[in-house]
Amino acid sequence: MTLTSVSTGRLLPSDPATRRVAEELYRLMADLPILSPHGHVDPGMLATDRPFRDPATLLIRDDHYVTRLLHADGVDLASLAIGQEEISDSEAREIWRLFCERWHLFAGTASGYWLRSTLEDVFGMERLPGDGDPDTLFDALSEALSADDMRPRALLERFDIEVLATTDDPLDPLHAHQALAADPDVRTVVRPTFRPDAYLDPTGAGWNDRVERLVATVDRDGYQGYLDGLRESRRRFVAQGATSADFGVLSAVTAEIDPSHAAALFDRARKGELSSGEAELFRAHMLFESARMSTEDGLVMTIHAGVFRNHHSPTFDAFGPDRGHDLPVATRFVEPLRPLLQRFGTAEGFHLVLFTVDETTFSRELAPLAGFYPSVFIGAPWWFLDAPDSAARFRAATVETAGFYRGSGFIDDTRAFLSIPARHDMARRTDAAYLARLVSEQRLRIAEAERIAVDLHDAIPRRAFKL
Amino acid sequence: MTLTSVSTGRLLPSDPATRRVAEELYRLMADLPILSPHGHVDPGMLATDRPFRDPATLLIRDDHYVTRLLHADGVDLASLAIGQEEISDSEAREIWRLFCERWHLFAGTASGYWLRSTLEDVFGMERLPGDGDPDTLFDALSEALSADDMRPRALLERFDIEVLATTDDPLDPLHAHQALAADPDVRTVVRPTFRPDAYLDPTGAGWNDRVERLVATVDRDGYQGYLDGLRESRRRFVAQGATSADFGVLSAVTAEIDPSHAAALFDRARKGELSSGEAELFRAHMLFESARMSTEDGLVMTIHAGVFRNHHSPTFDAFGPDRGHDLPVATRFVEPLRPLLQRFGTAEGFHLVLFTVDETTFSRELAPLAGFYPSVFIGAPWWFLDAPDSAARFRAATVETAGFYRGSGFIDDTRAFLSIPARHDMARRTDAAYLARLVSEQRLRIAEAERIAVDLHDAIPRRAFKL
Amino acid sequence: MTLTSVSTGRLLPSDPATRRVAEELYRLMADLPILSPHGHVDPGMLATDRPFRDPATLLIRDDHYVTRLLHADGVDLASLAIGQEEISDSEAREIWRLFCERWHLFAGTASGYWLRSTLEDVFGMERLPGDGDPDTLFDALSEALSADDMRPRALLERFDIEVLATTDDPLDPLHAHQALAADPDVRTVVRPTFRPDAYLDPTGAGWNDRVERLVATVDRDGYQGYLDGLRESRRRFVAQGATSADFGVLSAVTAEIDPSHAAALFDRARKGELSSGEAELFRAHMLFESARMSTEDGLVMTIHAGVFRNHHSPTFDAFGPDRGHDLPVATRFVEPLRPLLQRFGTAEGFHLVLFTVDETTFSRELAPLAGFYPSVFIGAPWWFLDAPDSAARFRAATVETAGFYRGSGFIDDTRAFLSIPARHDMARRTDAAYLARLVSEQRLRIAEAERIAVDLHDAIPRRAFKL
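Residues numbered from 1 in each chain as written. Chains lettered and ligands numbered in written order. Predicted model: local features only at pLDDT ≥ 70, side-chain atom pairs only at ≥ 80, totals over all residues. Heavy atoms only, no water.

Attention now goes to the relation of the copies chain A and chain B. Superposing chain A onto chain B requires a rotation of 120° together with a translation of 0.0 Å along the rotation axis, leaving an RMSD of 0.0 Å. Accordingly, the operation relating the two chain copies is best matched by a three-fold axis. Using C-alpha coordinates, one finds that chain A approaches the rotation axis most closely at Asp15 of chain A, a distance of 3.6 Å. (Least-squares fit on C-alpha atoms with pLDDT ≥ 70 in both.)

Quick look at the structure:
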């Protein structure tokens, strides 16, 4: 990473004695290569290595964490060129101005933090969007983006990313991954991640068509063809370097039902005949079956639970998914996951990483589960919780019950490529601050804290994600 | 406000460097006029401007946050003259003594904080109730209360309250508000707030009678008369300066049902024939309809959700409502509010302020909702959460997701008139402390923090509550 | 207690000014005798006073909070001699080595904290398990354990434990308690605690047999004999010094049903005919009846709610209960306890202590309940929450609503006898830190904080548990 020279005190504790310890611990982590075992960077962008278009498209239009806060302030998504294929120079400049006027809305937010760090540490800017004269900043950023050292692969190198996992559809041919793996100039290992949600929820739009195409990839049909298709796709992902399979679900409920029952549900699902209760049972069953597949092929199973997708239908209808109105709901793990854990919780080599946006589950459920089951790892604070105060709460809520070694290690989970170093740096700083406090409170010796600091951003994610 | 000279370090961070920043930020806020857009002060008290009776009645008997803690210590509510019309001097003195003996019970509590600040900063006392000799303190306070500068309007002026909203019944004639508005000596704008709960819940005691009287105010009868009566009353409140309508509900569930269905439910409700499920549906529908009315007349909609009222029936039967056993329950917003937000979430000018006493919803639901919907504002930490540590948790739980500008601004929500400046001062101090930490952690520049500090207690509540 | 000379700054705040206050407050508490009104120490161990066997059995094998973290790291419970009657010297040494290799897993955890304090403060070791050369440490600890001053009664004296409550089966003859009470050399008052769970849940294994034996202790049979048996056993416990009855339940739901209905449920339960809904109703009723019995015989009622026991059946089948997979679930109190509190919430002398492992209930439900009902006390942070950061969150979540005097006082809840002083010392330090912060923030005067500091570990537990 390349941020060490900047703002050494950022996010570190204000008490001078504790800060000194934190700085020492941070220095041990600051230059470790980035391991990014879960995220949403477009592999095609890396494969083609085209220059980024303009600052407004790159940093605003295409980042729905940014556009959602503009929308909340009354900005129409259409005026941000969302859903628009082409964007003119004047539109881009207009979006940039509109954003700069509202820079104060981002103060204290995670997005504001990433943007500021991106501008200061990646672009080297001293002026920020709130400092007035948006046009000059737009021009400076545009010029910077036209340079070769700001193209995707150059940044991949500069960010010192050792491993970067993308998130991919089971039927994706993975051509970009093949091209990157074949290119000797790309030192980063770019791994696909198997993400089958759209094939597991029979109530999702387009499920039937997707399943049709999935079954067509194998010899059998019906429910067995469906399972074979999933297995075959997973096999193909593993061959291309995948180490994990990811599941985004509203509820973590799992169920073991007998194969003939499952086959009957599948057949009726294909005819659109499932009740909502049956659809839920089918989803619960497929989460269970996916765990079984992981015990067979070794893919780490990651579950991102508790998100109500596309809350505002008019926005979804006009602009499609990922527009900032996926919203967290109260989540449970202990009871819903019991069928899965009864069967696979102690299975050799099975890894189950649990992510939540309901913080209450950290101390109540995730740390206790991970403190017993060798398969369970506590997912790093994710999404809305991927921010300094939230990260501090995460450590305080989990370490006392499960220690440091039952966590997944940090994931950036982002499609905002330029923010990746800032995100990992934030995690290292908040970890340094937390460890320094434990040292200051005589709960850890400094040598223990030093080992943990490095392990948190090296050994721990490597083990949890089988990198 | 008038508290700046007292205890400048109160509630500010102990680290010297951070404290200096906090003090600087606090100074910017300390003298701003008070905006109180939601509370429960009796407008009649201001209109008549009679002197307060005695310290025990004013500070103890009539504050159920104080009496509940005495009750929890085994003091019978009857011995506090609760429910009693007249209170003798000796009774008042006896209540005061009983309270002073138990002053330690209030240590660390919000009520203890307001009481101490009221005694020190409003009355100028140096002795506190726990310092022994309750009679001398009682006499000193009694004497102070008899002076003209301690009468309600003098305090209104001294507290520098620019706007004070009361909470009023839809059939209230608003005479006190008219008198205050007509009096050129009253510089405070005293606004009524439309609070129709007792007209919306068909299972509430007296609902039928109230609805009868409401319908009698308009030409039509039946369900349409009911809606017209509500609309007409809202119109009257708007004319008298109201800017918001307030809803206190156990659950935030909303529903859109067709008018004929609603009318049928209404007719059966009037006959007492609704099942509990139908009553819930009717309440959910009326919350939805109330949002629609807000889109028509512009009243800000505030929802205080998640409170189980009158938990202990024997106490309710003996002493009536508001006796300290209204208790919070687990609350949800994302799914229950969806029908309302689907329809009105992006409606022009619609403001929906969501208050909770279930802290888990701050990071999980309220900040994400307010970070997308332009109508949704995160209610300030309310009621049990209106206290220094809770306020700090509120900022840490919401700002990273939604920033500072999606909050409602502080509300004091109190009927304890003398505590109003202490409450706003507390909010300013905790905000100064939070902002100073962000500056110290290099997450905000000082200039940014300065702007936010002022906006939090000026522009932000003005906008959210349309003051 | 004997830990004052060690590590005076441990767990205290890092800010120098606040630390000085915290140190002063801690000094007032440090030498108070230990009151342990709820725990799981084996009274037979104290009665026989046999030396402890070896360090691995004592500190690892028999502490399932330790073994669960080893299990989570992939260590088979069988390799820890769990469920094994005899353990050879070489097995003990092997377990010790395996544990020392994994000492880093315990960094930051509650168990790691107790172990370190036990080794440093009770055994006087300077080397820790992570410092290499496990055999030398094993030998040193083994030698220490063979000395007379490390036998149970010597430690009871050295730890300065004034009261120690155990947890006992209603049919336990309480011989060990009788022997200890009769021995003039035992200065500690060792009190039994009535723990009837296995007699109240008709779905529990062995319920029918236990009830059979219980009913056989009295003259009547059927449901009345069952109630009489419980009452008679409680009477016997009271006679032996018990002051509390403890209930461990998944849900805190209570119900009042009429006696004939209860008798009918009981009769059908004895025949194994209850549906799961009826079994839940019976449990809810028996919690209600147990409260009634407390109003009769004065036993403090403690409820430990919200735990899903024995989550992983294969582990339960192989190794029995208490193996580290009892897991917390989301818990509610306000609505479930209402029937009980309607009836007994203000009953003279009734004490109800509510423990939770769902932290969300502290500010939302427990503090508000205890802030009104004189019977309700907020249980100290329990089990997974009995650790420094969790204890700090507990105070911050409850004091602002309910003050300091509505808590139960600290309980150690442990069967790890040697960790008892470290646990009480931790609670005193975290309380000192919290109080010092309130002083530093000018929310408490130092004299107030001094009184509270002592009361928290003396008057408050004595009152709540009727010691």
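Right, let's talk about the sheet that holds strand E9 (residues 376-378) of chain B for a bit. Residues and elements named next belong to chain B. Strand order across the open sheet formed by 4 strands is E4-E5-E8-E9, with parallel pairing between neighbours. Unpaired on one side and paired on the other, strand E4 (244-249) and E9 mark the two borders of the sheet. Adjacent strand axes in the sheet meet at a mean angle of 25° when their direction is disregarded. Sheet topology note: the strand E5 (residues 300-305)/strand E8 (residues 352-356) ladder contains 5 bridges and is parallel. Bridging across to E8, Ala305 finds its partner in Thr356. In the packing of helix H17 (residues 360-370) onto the sheet, the strands contacted are E8 and E9, and the crossing angle to E9 comes to about 145°. (Pairing = 2+ DSSP bridges. Helix = DSSP H or I, 4+ residues; strand = E, 2+ residues; numbered from the N terminus. Axes fitted to C-alpha atoms, helices over the stretch in contact; angles between N-to-C directions. Contact = heavy atoms within 4.5 Å.)

One finds Trp96 and Phe417 of chain A together with Phe404 of chain B to be the most contacted residues of the largest nonpolar core, which totals 75 residues. Ranked by size, the runner-up nonpolar core spans 74 residues in total, among them Ala92 and Leu128 of chain B together with Leu32 and Tyr434 of chain C. (Core = buried A, V, L, I, M, F, W, Y, C linked by side-chain atoms within 4.5 Å. Buried < 20%, exposed > 50% of the residue type's maximum accessible area, 1.4 Å probe, protein only.)

So, on to the sheet that holds strand E1 (residues 34-36) of chain A. All names here are of chain A. Pairing in this open sheet of 3 strands is parallel, and the strands run E1-E2-E3 from one edge to the other. The two strands at the open ends of the sheet, each matched to only one other strand, are E1 and strand E3 (189-191). Within the sheet, the average angular offset between the axes of one strand and its neighbour, ignoring direction, is 10°. Across 3 bridges, strand E2 (residues 161-165) lies against E3 in parallel orientation. The partner of Val163 across the bridge, within E3, is Val189. Helix H19 (residues 420-440) contacts E1 and E2 of the sheet and is inclined by roughly 105° relative to E1.

When two helices pack together, their arrangement is given by the angle between their axes and by how far apart the axes lie. As a packed pair, helix H18 (residues 388-402) of chain A and helix H18 (residues 388-402) of chain C sit with axes 8 Å apart at the nearest point and diverge in direction by 130°. Taken together, H18 of chain A and H18 of chain C sit at an angle that is classed as oblique. Only Pro388, Asp389, Ser390 and Arg393 of chain C of H18 of chain C make contact with H18 of chain A, whose side of the interface consists of Ala396, Ala397 and Glu400 of chain A. Considering only residue class, the contact of H18 of chain A with H18 of chain C consists of 3 nonpolar, 1 polar and 3 charged. (Parallel < 35°, antiparallel > 145°, perpendicular 65-115°, else oblique. Nonpolar A, V, L, I, M, F, W, Y, C, P; charged D, E, K, R; others polar.)

This brings us to unusual backbone geometry. Positioned with a positive phi, Asn310 of chain A is a non-glycine residue whose angle comes to about 55°. If you check the backbone angles, Gln442 of chain B has positive phi at about 60° while not being a glycine.

So, about the relation of the copies chain C and chain A. Between the two copies of the chain lies a rotation about an axis combined with a shift along it. For the pair chain C and chain A, the relating rotation is 120°, the translation along its axis is 0.0 Å, and the fit reaches an RMSD of 0.0 Å. Of the residues that chain C buries at the interface, just 5% are likewise interface residues in chain A, meaning the two copies contact each other through different surfaces.

Right, let's get into the pattern of salt bridges. Counting across every chain of the model gives 137 salt bridges over all chains. Measuring nitrogen to oxygen at the nearest pair gives 3.0 Å for the salt bridge that ties Glu296 of chain A to Arg231 of chain A. With Glu296 of chain A in helix H14 (residues 276-297) and Arg231 of chain A in helix H12 (residues 222-239), the pair connects residues that are 65 residues apart, well separated along the chain. Look at Glu296 of chain A and you get partly exposed, because its relative accessible area is 47%. According to the relative accessible area criterion, Arg231 of chain A is partly exposed, its value standing at 29%. In this structure, Arg268 of chain C engages Glu273 of chain C in a salt bridge whose closest nitrogen and oxygen atoms are separated by 3.7 Å. A single salt-bridge network, built from bridges that share partners, covers Arg93, Glu94, Arg97, Asp135 and Asp139 of chain A. (Salt bridge = Lys/Arg side-chain N within 4 Å of Asp/Glu carboxyl O.)

Another point: the packing of aromatic side chains. A complete count under the given rule lists 72 aromatic pairs over all chains for this structure. Centroid distance Phe344 of chain B to Phe350 of chain B: 6.4 Å. Interplanar angle 65°. Geometry classified as edge-to-face. Where Tyr223 of chain C meets Phe266 of chain C, the ring centres are 6.0 Å apart and the plane angle is 55°; that geometry is what we call tilted. Of this pair, Tyr223 of chain C sits in helix H12 (residues 222-239) while Phe266 of chain C is found in helix H13 (residues 259-270), placing the two residues 43 residues apart along the sequence. The pair formed by Tyr223 of chain C and Phe266 of chain C is uniform in burial state, with each residue classed as buried. An aromatic cluster of at least three residues, connected via ring pairs, comprises Trp96, Phe99, Trp103, Phe106 and Phe138 of chain A. Sitting above the plane of the Phe377 of chain A ring, Arg406 of chain A keeps its charged end 4.7 Å from the centroid. (Phe/Tyr/Trp six-rings, centres within 6.5 Å; stacked < 30°, edge-to-face > 60°. Lys NZ or Arg CZ within 6 Å of the ring centre and 35° of its normal.)

All names here are of chain A. Looking at chain A, the domain boundaries give domain 1 (53-150) and domain 2 (162-464). Centre-to-centre, using C-alpha coordinates, domain 1 lies 30 Å away from domain 2. Tallying the contact residues gives 18 residues for domain 1 and 18 residues for domain 2. Summing both partners gives a buried area of about 1,600 Å² for domain 1 against domain 2, and 71% of it is carried by carbon and sulfur. Inspection of the region where domain 1 meets domain 2 yields 0 salt bridges. Scanning the region where domain 1 abuts domain 2 turns up 2 residue pairs in polar contact (both at pLDDT 80 or more). Sorting the residues of the side of domain 1 that touches domain 2 by element identifies helix H4 (64-72) and helix H6 (110-122) as the ones contributing at least two each. Per-element accounting of the side of domain 1 that touches domain 2 gives the leading share, 6 residues, to H6. (Domains from an automatic or database assignment. Buried area = accessible area lost by both parts, 1.4 Å probe. Polar contact = N/O pair within 3.5 Å; in protein donor to acceptor, adjacent residues only side chain to side chain.)

Here we take up the interface of chain A and chain B. The interface of chain A with chain B comprises 55 residues on the first partner and 43 residues on the second. Summed over both sides, the interface of chain A with chain B buries roughly 3,900 Å², with 50% coming from carbon and sulfur. Where chain A touches chain B, the interface holds 5 salt bridges. In this structure, Arg364 of chain B engages Asp358 of chain A in a salt bridge whose closest nitrogen and oxygen atoms are separated by 3.4 Å. Counting across the chain A and chain B interface gives 27 residue pairs in polar contact (both at pLDDT 80 or more). When residues of the side of chain A that touches chain B are traced back to their parent elements, those giving at least two are helix H1 (16-30), H4, H6, helix H15 (313-319), strand E7 (327-328) and H18 of chain A. The residue inventory of the side of chain A that touches chain B, partitioned by class, reads 23 nonpolar, 17 polar and 15 charged.

Once that is clear, we can look at the interface of chain C and chain A. Every contact between the two is made by 55 residues of chain C and, on the other side, 43 residues of chain A. Both faces considered, chain C and chain A share a buried interface measuring about 3,900 Å² in area, 50% of it formed by carbon and sulfur atoms. Viewed at the interface, chain A and chain C are joined by 5 salt bridges. Between Arg443 of chain A and Asp389 of chain C there is a salt bridge whose closest N-O contact spans 2.9 Å. Here chain C is connected to chain A by 27 residue pairs in polar contact (both at pLDDT 80 or more). Breaking the side of chain C that touches chain A down by element, the ones donating at least two residues are helix H1 (16-30), helix H4 (64-72), helix H6 (110-122), helix H15 (313-319), strand E7 (327-328) and H18 of chain C. Classifying every residue of the side of chain C that touches chain A gives 23 nonpolar, 17 polar and 15 charged.

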